[in-house]
Amino acid sequence: MNSPPRAGRSTSDKPLLRVLAGERLNPPPFWLMRQAGRYLPEYRSLRAKAGTFLDLCLTPDLATEVTLQPIRRYGMDAAILFSDILVVPLGLGQAVSFEEGRGPVLEPLRDASELSRLRLDGMREKLAPVYRTVRQVVAALPAPVTMIGFAGAPWTVASYMVEGGSSREFAIARRWANEDTDGFQRLIDLLVEATVEHLSAQVEAGAEALQIFDSWANAWAAEKTSAALRRWCLEPCRRIIAKLEARHPHIPVILFPRAVGPHLSLFAKESGAAALSLDDSVPLAWARATLQPMLPLQGNLPPRILVEGGPALAMQTRLILSELGQGPFVFNLGHGILPETPLEHVAELAALIREGVPA
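Model, not experiment: these values are computed from the prediction.

## Some thoughts on the overall build of the chain
- Each helix and strand counted, the chain has 16 helices and nine strands in total.
- Whereas a compact globule of 359 residues would reach a radius of gyration of roughly 21 Å, the chain reaches 19 Å, a difference of no more than 12%.
- Summarising the internal contacts of the chain: among those between residues at least 6 apart in sequence, 74% fall at separations of at least 24.
- As displayed, the chain offers around 13,900 Å² of accessible surface, 51% of which is attributable to carbon and sulfur atoms.
- Within the chain, the 38 negative side-chain charges are centred at a point lying 1 Å from the centre of the 37 positive side-chain charges.

This is the structure:
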């Protein structure tokens, strides 16, 4: 296996950082996307007292407690900051709220003339509570546990900003990108800079690794060529990672370009990421043969199998360990943990991972 880009660069004893530097560990480290959230009764109790979802995200004592809850319960190898990708548009000056039963609601941007509403200067001050949360979590974490900061990728964040909330088709954002390419590029360029600032502030507060979520990269993955996917997803993430590398050369970045299929090989070759996180549609044998020689991988248990538990969970967990555990690998889900996930199934998963890679 070829050495991943960051091989040998970590001097840490923390399992996650060792793997992100290219080392194979058995058992592999693990954490779960959305591990701090609605499936935990202690989270639901705190959420009921917090006011709005944004109040919870922007109150450091509460966000710190939520971030630490799954670490106390399950002993993951990493804590990921409890926050939301949409704090970046909030910090830029866009109106953002979260409504029960509907999700995020934003005052939509519909063309380039409205970009004047957004301002990068002052974003760090507006989001200071987020960075205070990072500092507090770092101070409270057990020594072997890595602190992960995160942000949404420019395309994914832009889609919310333009559509005004969640979308299945991304019709408005895609139309803007196709009909006013230069104007849409201005929005993406602003989000590149904002994301770099947001992630840099998390590193300065103590984050030791970063993850970029391009949850809606699949919106461009079915195009006849990869040109749009490259322009709106790969290239902005590459620029962010390069800028972060220049500022913080020893901080690894995990990239999650969700549901882009075989285009993952482009992200492995060209993004500069330390690792790729895989969604649960990615074939294990292909990932092992094609991607893992280039960089460490993270993933990719289907969240529904964690809900199911039992023999299906044991079989799929051992299969993933067998296929991807032969190289540098972080066990995770293929997307976020589902709210209906039974607590005992997460404990069962943790025990299975700690059994290690099957001989």
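## Observations regarding the UniProt feature "binding site: substrate" (unreviewed entry) in the chain
- Mapped onto the present numbering, the UniProt feature "binding site: substrate" (unreviewed entry) falls on Arg 34, Gln 35, Ala 36, Gly 37, Arg 38, Asp 84, Tyr 160, Ser 215 and His 335. On the basis of their most widely separated C-alpha atoms, the annotated residues across 302 residues do not gather in one place, lying as much as 22.8 Å apart.
- Looking at the secondary structure, you find Asp 84 in the loop between strand 1 (78–80) and helix 5 (87–92).
- Among all residues touching Asp 84, those that are not within four sequence positions of it are Phe 53, Cys 57, Phe 98 and Phe 150.

## Quick word on the sheet that holds strand 9 (residues 329–333)
- Reading across the sheet, the seven strands line up as 1-4-5-6-7-8-9 and stay open at both edges, with parallel pairing between neighbours. The open sheet terminates on both sides in strands that have one partner only, identified here as strand 1 and strand 9. Each adjacent strand pair in this sheet contributes to an overall mean axis angle of 25°, direction not counted.
- Direction of pairing for strand 1 relative to strand 4 (residues 146–152): parallel, over a ladder of three bridges.

## Comments concerning the UniProt feature "domain: Uroporphyrinogen decarboxylase (URO-D)" (unreviewed entry) in the chain
- Within this structure's numbering, the places UniProt gives as "domain: Uroporphyrinogen decarboxylase (URO-D)" (unreviewed entry) are residues 148–164.
- What you have in residues 148–164 is 59% helix and 29% strand, and the ends, taken at the C-alpha atoms, are 28 Å apart.

Conventions we followed
Residues numbered from 1 in each chain as written. Predicted model: local features only at pLDDT ≥ 70, side-chain atom pairs only at ≥ 80, totals over all residues. Heavy atoms only, no water. Helix = DSSP H or I, 4+ residues; strand = E, 2+ residues; numbered from the N terminus. Rg over C-alpha atoms; globule rule 2.2 N^0.38 Å. Contact = heavy atoms within 4.5 Å. Areas by Shrake-Rupley, 256 points an atom, 1.4 Å probe, with all protein chains shown as cover. Lys, Arg positive; Asp, Glu negative; His and termini not counted. Charge placed at Lys NZ, Arg CZ, Asp CG, Glu CD. UniProt positions renumbered as here; feature names shortened; annotations may be inferred. Pairing = 2+ DSSP bridges. Axes fitted to C-alpha atoms, helices over the stretch in contact; angles between N-to-C directions.

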